[in-house]
Amino acid sequence: IPRPSNSFILYRSHQHSAIASLYGHLPAMSNSAISKIASMMWQAEDPRVKARFAAKAEQTKLEHLMRHPDYKFKPK
DNA sequence: ATGAATGAAAA
DNA sequence: TTTTCATTCAT
């Protein structure tokens, strides 16, 4: 049972397709490069959009709690 | 398994 | 305060 995604991870997933289709044919455009781009977009992003993803992260978090009431994050 | 990033949660 | 692990998928 996986952890709930945070706001940035949600944002990255959301933008992944778009970024991949823009740069996808370039061999240097790996997922790590996409992460860098997503990061810049994230920093530059409209605060309202950030807020929307923050809200989505909360939603996801609560959803996770509902579905998996006894889940505990246990780093090694 | 690694790389890349941000952030929540645990240690 | 530092570490882990969530997402993604070609190497």
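As annotated in an unreviewed UniProt entry, chain A carries the name High mobility group box domain-containing protein and comes from Blyttiomyces helicus.

A.B. asks: Explain the overall build of chain A to me, please; I cannot follow it from the model alone.
C.D. replies: If you tally the helices and strands in chain A, you get three helices and zero strands. When the helices and strands of chain A are listed from N to C terminus, the series reads α-α-α. Scaling as 2.2 N^0.38, a compact globule of 76 residues should have a C-alpha radius of gyration of about 11 Å, whereas chain A reaches 15 Å, well beyond that. C-alpha atoms of chain A, sized along the principal axes, occupy 45 × 30 × 20 Å. Looking at the 76 residues of chain A, the share that counts as buried comes to 20%. A separation of at least 24 residues holds for 67% of the contacts in chain A among residues at least 6 apart in sequence.

A.B. asks: It is not clear to me how the protein's contact with DNA strand C should be interpreted in this structure. Could you clarify?
C.D. replies: In the vicinity of DNA strand C, the contacting residues are Pro 2, Arg 3, Ser 5, Asn 6, Ile 9, Arg 12, Ser 13, His 16, Asn 31, Phe 73, Pro 75 and Lys 76. For DNA strand C, a base oxygen lies 2.8 Å from a polar atom in the side chain of Arg 12. Between a sugar or linking oxygen of DNA strand C and a side-chain N or O atom of Asn 31, the distance comes to 2.4 Å. Class assignment for the residues of the surface near DNA strand C results in four nonpolar, five polar and three charged.

The rules behind these values
Residues numbered from 1 in each chain as written. Chains lettered and ligands numbered in written order. Predicted model: local features only at pLDDT ≥ 70, side-chain atom pairs only at ≥ 80, totals over all residues. Heavy atoms only, no water. Helix = DSSP H or I, 4+ residues; strand = E, 2+ residues; numbered from the N terminus. Rg over C-alpha atoms; globule rule 2.2 N^0.38 Å. Buried < 20%, exposed > 50% of the residue type's maximum accessible area, 1.4 Å probe, protein only. Contact = heavy atoms within 4.5 Å. Near = heavy atom within 4 Å. Polar contact = N/O pair within 3.5 Å; in protein donor to acceptor, adjacent residues only side chain to side chain. Nonpolar A, V, L, I, M, F, W, Y, C, P; charged D, E, K, R; others polar.

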